[in-house]
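# Chain and residue survey
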Amino acid sequence: MDDTPDLRRRYEQGVAAVEELKRELRERAQAVAERERELDELRARLQRQVVPAEPAWPLPGKQELDERERWIEQREREVAQALAAAQRRRRPASQAEARAWQQGGGGKEGSRKPGPY
């Protein structure tokens, strides 16, 4: 018995199976490459959307924050000093008005301006 035709047939089937596997691998490789391109595009789009920006307010320990804190503290001191000075200026005038009122200015008719009541 001659097994040559049978071996030949099995060889050709094996070659065809290998060719089929190669074709499937090429198709899968193309699909993977396409998916990689999509992934790269998505990553690029995401990076354009999420651009790391400087925070609106500086982070603790940064020089800009320290400068702002110093400026705010200085401004608070200035405002407190201005308020105290205004209160000192107003206090003597109020005291003088109270003394004048007590010394007789309050009992005379027409000495007061008419109020809203």
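A brief report on the enclosed structure follows. (Residues numbered from 1 in each chain as written. Predicted model: local features only at pLDDT ≥ 70, side-chain atom pairs only at ≥ 80, totals over all residues. Heavy atoms only, no water.)

## Describing the overall build of the protein
- Counting its regular elements, the protein contains 2 helices and 0 strands.
- Taking all 117 residues of the protein together, 3% fall into the buried category.
- Put simply, the protein shows about 11400 Å² of open surface, and 54% of that area lies on carbon and sulfur atoms. (Helix = DSSP H or I, 4+ residues; strand = E, 2+ residues; numbered from the N terminus. Buried < 20%, exposed > 50% of the residue type's maximum accessible area, 1.4 Å probe, protein only. Areas by Shrake-Rupley, 256 points an atom, 1.4 Å probe, with all protein chains shown as cover.)

## Overview of the pattern of salt bridges
- Taken as a whole and assessed by the stated rule, the structure comprises 10 salt bridges.
- Here arginine 23 makes a salt bridge to glutamate 20, at a shortest N to O gap of 2.2 Å. In this pair, arginine 23 and glutamate 20 both sit in helix α1 (residues 4-49), 3 residues apart, roughly one turn of the helix.
- Take arginine 23: its relative accessible area is 32%, and that puts it in the partly exposed class.
- Put simply, glutamate 38 and arginine 35 hold a salt bridge, and the shortest N to O gap is 3.6 Å. (Salt bridge = Lys/Arg side-chain N within 4 Å of Asp/Glu carboxyl O.)

## Here we look at a negative patch on the surface
- Residues Asp66, Glu67, Glu69, Glu73 and Glu76 make up a contiguous surface patch of negative charge.
- Its place among the elements puts glutamate 69 in helix α2 (residues 63-105).
- We classify glutamate 69 as partly exposed; its relative accessible area is 41%. (Patch = residues over 30% accessible without salt bridge, like charges linked within 9 Å, V, L, I, M, F, W, Y side chains within 5 Å. Lys, Arg positive; Asp, Glu negative; His and termini not counted. Charge placed at Lys NZ, Arg CZ, Asp CG, Glu CD.)

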